[in-house]
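Structural overview for review
Spelled out from the first residue to the last, the chains are:
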Amino acid sequence: MPTLTPIEPDFAIEEFLHAEQQKDLLRFSTAGSVDDGKSTLIGRLLYDSRNVYEDQVRAVTGKTIAPGAKAPAIDFAQLTDGLRAEREQGITIDVAYRFFSTQRRKFIIADTPGHEQYTRNMATGASTADLAIILIDARKGILTQSRRHSYIASLLGIRHLVAAVNKMDLVDFSEDVYNTIVSDLHTLLGQLNPDGNAPSLVTIPVSALDGDNVVEPSTRTPWYSGPTLLQHLEEVPVWTEEATAPFRLPVQRVIRPDQHYRGFAGQIAAGTIHRGDTIVALPSGRTSRVASITTFDGDLEKASAPLSIALTMEDELDISRGDVISIAAHPPQHATALEASVVWFDATRLETHRPYLLKHGTQTLPARVTRVLHRTNIQTLTDEAVNSLGMNDIGVVEIESTRSLFFDPYAENRASGSFILIDPQTNATAAAGMIRRSLGTATAIHTPTHKAALLSVHTPEQATTLEAALLAENFAVVRTKLQSQPILRSLLSLGLLVILEGIPTEHTTVGLELHTLEADPQSPNAVAAFLNHLRAVHILPAQKGIEEQQS
């Protein structure tokens, strides 16, 4: 019986996986106005680069066949627009993330909405991008929303911009139309970056629907000699300054599996750390040397952003979640008063007297917006004097926090220079912020003199009156209807006075000390008597006597 010789497989999975690991990663987002063709362009890019599965094509294939076409017509936008409302209305509502790979590079796409109503979604998708594709409809030119998205991309520190002048087939691939839009784009970037530090800009004439200059060069643009969109995405240098910046590690968790190991775990926000480097733990200011750098795959001699690691020290240091480990030679700045650019997300307008929660890195702390310096008029790119910001507004504000933040200006480090503001009543993200500079500590909010307490009121009128009385005395107050024990405990752990509107259940408050305002809300003395009760049980500090105030 003849011996069968085993056939060597043509495809080696180990070699393939190794090759994939060696590729670098480019994150990019789309930006532009409504119906500029962002989703269609991404769908065409995925389809022509062979990164769409057959079942996905069948799911979005039209029922009719175009005359002379070899395959059914495809609505490319539906390859990324997956929500029912998006498909019904023909718009993008939420950020759609897609992954694809070519022979040279891996990509993560954030297809973002064009409607002004969803500006916050666009800002979210662009916040982690290395590159932004700005779509311009060749028939309409640069619109207000295109300017808004370009401004946000510039504000978020995206260093590489690609202007895809789309729908060139609808203007007969006119070189004059294209050149006019390119000139307008350069003028816009000059206005957005008056300091001359403008991001790189590459302009490409495309037809997303027909595929011109998306993956393959187009014969209908003989006057254009630049790269196709995919060629540029494969060749653009990836933003790597995070790895060369001073080392920053926000501590997410302390790992102590046994008495012999104490590791401080987190994702490197910036820089590179070597075993033996001298570090400083903030806010304590104590220093030590790195004993080991541990990852899932074992110990390393060095590690760079954005790797997740656990560090051990040669000395015993008290470090906990929310602290920052920095290279000792180049520590971050610290301040309780900051100037920051913000994109306001919430439907509720910014109010300077209201407390917010500021999440920076791995720490969350109470803060207030003390002043709105100006709002940017997207149409004219001029600064307007206002005292508040509304939904989708972009402006510059001054913020004060109860504790020092350890940060780098956003222009130097996107990870350690960014934050979000959270409305403690609804737990909704109110704004995204980029730190511009420190205002020092002279005007910082003083440490609250009151104790944390849960205050129960039965009616909205009582809640409003009590909240106003406490704010008038500069106490840190949060008002909420949420009867979630974990949320209430979190708010109390921040040292806040929590006004719970409505009659709480026993399950809500088990283990929580509760003080209830029982009096008639119409009684003018009800709140004053309740405040006296809180002082009597030492929740609020006692009022100073007349003699002490006069002295």
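Residues numbered from 1 in each chain as written. Predicted model: local features only at pLDDT ≥ 70, side-chain atom pairs only at ≥ 80, totals over all residues. Heavy atoms only, no water.

What follows is about the overall build of the chain. A tally of regular secondary structure across the chain gives 14 helices and 27 strands. Taken over 551 residues, the chain has a buried fraction of 50%. Sequence-distant contacts, at least 24 apart, represent 69% of the contacts inside the chain between residues at least 6 apart. (Helix = DSSP H or I, 4+ residues; strand = E, 2+ residues; numbered from the N terminus. Buried < 20%, exposed > 50% of the residue type's maximum accessible area, 1.4 Å probe, protein only. Contact = heavy atoms within 4.5 Å.)

A few words now on the pairing of strand 19 (residues 363–377). Note: strand 18 (residues 356–360) against strand 19, five bridges, orientation antiparallel. Across the sheet, residue H360 finds its bridge partner in strand 19, namely Q363. Here strand 19 pairs with strand 21 (residues 394–407) via seven bridges, running antiparallel. Looking at the pairing, H374 lines up with V396 of strand 21. The sheet contact formed by strand 19 and strand 20 (residues 382–384) spans three bridges and is antiparallel. Pairing of N377 across the sheet is with T382, part of strand 20. Between strand 19 and strand 20, which pair antiparallel and follow one another directly, the connecting turn spans four residues, one of which, L381, has a positive phi of 60 degrees. (Pairing = 2+ DSSP bridges.)

What follows deals with the layout of surface pockets. As a volume, the largest pocket reaches approximately 1600 Å³. Along the wall of the largest pocket there are 46 residues; nearest its centre are T128, Q267, A269, P306 and A415. Looking at the lining of the largest pocket, the elements with two or more residues in it are strand 1 (25–32), helix 5 (119–126), helix 9 (241–244), strand 7 (248–250), strand 18, strand 22 (418–423) and strand 23 (428–440). When residues in the lining of the largest pocket are grouped by element, the largest group, four residues, is from strand 23. Its residues assigned to classes, the lining of the largest pocket comprises 23 nonpolar, 16 polar and seven charged. (1 Å grid on protein atoms, 1.4 Å probe; cavity = no way out; pocket = protein on both sides within 12 Å on 5 of 7 lines; lining within 4 Å. Points joined across faces, edges and corners; volume = space filled by probe spheres on them. Nonpolar A, V, L, I, M, F, W, Y, C, P; charged D, E, K, R; others polar.)

Here the focus is the packing of helix 5 against helix 6 (residues 144–155). Packing of helix 5 against helix 6 leaves a shortest axis separation of 10 Å and a crossing angle of 35 degrees. As helix 5 runs across helix 6, the sense of the crossing is right-handed. Residue-level inspection shows T119, M122 and A123 of helix 5 in contact with helix 6, the latter providing Q145, R148, H149 and I152. (Axes fitted to C-alpha atoms, helices over the stretch in contact; angles between N-to-C directions. Left-handed = near helix turned anticlockwise from the far one by under 90°.)

With that out of the way, let us pick up helix 7 (residues 175–192). Since the α-helix advances by 3.6 residues per turn, residues separated by three or four positions end up pointing in the same direction. The terminal C-alpha atoms of helix 7 lie 26 Å apart, and with 18 residues this matches the ideal 26 Å at 1.5 Å per residue to within 8%. For helix 7, the full list of buried residues reads Y178, I181, V182, L185, L188, L189 and L192. Projection of helix 7 onto a plane perpendicular to its axis shows the buried side chains occupying an angular sector of 125 degrees, all on one side. Tucked inside the fold, the buried residues of helix 7 contact strand 4 (131–137), helix 6, strand 5 (160–166) and strand 6 (200–205). Its side-chain oxygen at 3.4 Å from the backbone nitrogen of D176, S174 defines the N-terminal cap of helix 7. (Expected span 1.5 Å × (residues − 1). Arc of directions from axis to C-beta. Polar contact = N/O pair within 3.5 Å; in protein donor to acceptor, adjacent residues only side chain to side chain.)

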